[in-house]
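In case you want the letters, here they are:
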Amino acid sequence: MLPTLRQLQYLKLLAEHGSFSRAAEAAHVSQPALSAGVQELEKVLGSPVVERTRGAVQLTAVGAEAVKRAEDVLARTEDLVEAARNAGKPLCGRFRLGVIPTIAPFLLPATLPRLKDRHPALRLFLREDLTPRLVAQLKAGQLDAAVIALPYEAAGIDHARIGYDEILAAAPAGHPLALAETLGAGDLEASDLILLEDGHCLRDQALAAIDIETPRGDDVFAASSLHTLVQMIDAGLGVSFLPRMAVTAGLTQGSGVVTRPISVSGAGAAPRREIVVAWRAGSSRAAEARMLAEALTLD
């Protein structure tokens, strides 16, 4: 005997909600029905998948491994259904797209109208989140594709390029760095930097590009978003990095923040990040993700 898709779905929901009652509600079935389905799954596997304790549900080692594999099976099954429904009709119907916060507000307003014109039957569902969580959601089948920035190591993920985005230095007006036309990597010191909070890939990409170690200590300023970062720079708290797409979109408009290009080599190369549309390797919607990358291409 093999587990049914319904049984795997019950287990996945149980892992997500940590409660039989909430999992049953999410599955739109009664709690006894969900409990019976999980028990049948345990018979098929020959081992318990959950430990039933008062007020809580804990996965066993077998259960945790089963959830990991169930996510892949269910994601591929959903891909099959979507592919069958939209056969011969690319970018038609539901498409779940994740976007990181340092790209979403600056890329999407300029490109989504063009995408809608090209694919009027597309129903785009957007989710903004940090790269690690978007990649996890891609692998779990919760997203069809995600717009992220490279370099970022993620096994089992394929991608297509949208374009490159230069990383600029940003300083308050009157700061010595604001007086130069172009900055060298040595002009920026870790002690002066304000950074985005840990988890934002732009933070690590910028530091790696100019070979500065991540500042450590409780006295290091960190911002939760690019908008907050601009306010902190404008207040004279330090200097930082901003993506050119954000500056072009007007992020620093009305502030006293000045941006300058950075040269990181004798050839005058500028630090940059690669903006891509990423998807789970083997996804049936890979061709659509590539089409999406073409529609979102940076000018």
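As the structure is a prediction and not an experimental result, all values here were calculated from the model. (Residues numbered from 1 in each chain as written. Predicted model: local features only at pLDDT ≥ 70, side-chain atom pairs only at ≥ 80, totals over all residues. Heavy atoms only, no water.)

As a further point, take empty space enclosed by the protein. All chains considered together, the criterion is met by 3 cavities of 30 Å³ or more. If you trace the largest cavity, you find it lined by Ile194, Leu195, Leu196, Leu202, Arg203, Ala206, Leu229, Ser240 and Phe241. At the level of elements, strand S8 (195-196), helix H7 (201-209) and strand S10 (240-243) are the ones that each hand at least two residues to the lining of the largest cavity. If one sorts the elements of the lining of the largest cavity by residue count, H7 sits on top with 3 residues. In terms of residue class, the lining of the largest cavity is made up of 7 nonpolar, 1 polar and 1 charged. Size it by volume and the second largest cavity reaches roughly 40 Å³. If you go around the second largest cavity, the residues you meet are Ile100, Pro101, Thr102, Asp129, Leu130, Thr131, Gly199, His200, Cys201 and Leu202. A breakdown of the residues in the lining of the second largest cavity according to their chemical character gives 5 nonpolar, 4 polar and 1 charged. (1 Å grid on protein atoms, 1.4 Å probe; cavity = no way out; pocket = protein on both sides within 12 Å on 5 of 7 lines; lining within 4 Å. Points joined across faces, edges and corners; volume = space filled by probe spheres on them. Helix = DSSP H or I, 4+ residues; strand = E, 2+ residues; numbered from the N terminus. Nonpolar A, V, L, I, M, F, W, Y, C, P; charged D, E, K, R; others polar.)

To continue, consider unusual backbone geometry. For the bond from Leu150 to Pro151, the omega torsion is 10 degrees, close enough to zero to count as cis. Structurally, the position occupied by Pro151 is in the loop between strand S5 (145-150) and strand S6 (157-172).

A few words on the pairing of S6. The buried fraction of S6 is high, at 12 of 16 residues. Where S6 meets strand S13 (residues 272-280), 9 bridges bridge the pair, whose relative direction is antiparallel. For His159, the partnering residue across the bridge sits in S13 and is Ala278. Of the strand pairs in this sheet, S6 and S10 are connected by 4 bridges, and their pairing is antiparallel. The residue bridging Ala170 from the neighbouring strand is Ser240, located in S10. Looking at chain direction, S6 and strand S11 (residues 257-260) are connected through 4 bridges and run antiparallel. Across the sheet, Pro172 pairs through a bridge with Val257, a residue of S11. (Buried < 20%, exposed > 50% of the residue type's maximum accessible area, 1.4 Å probe, protein only. Pairing = 2+ DSSP bridges.)

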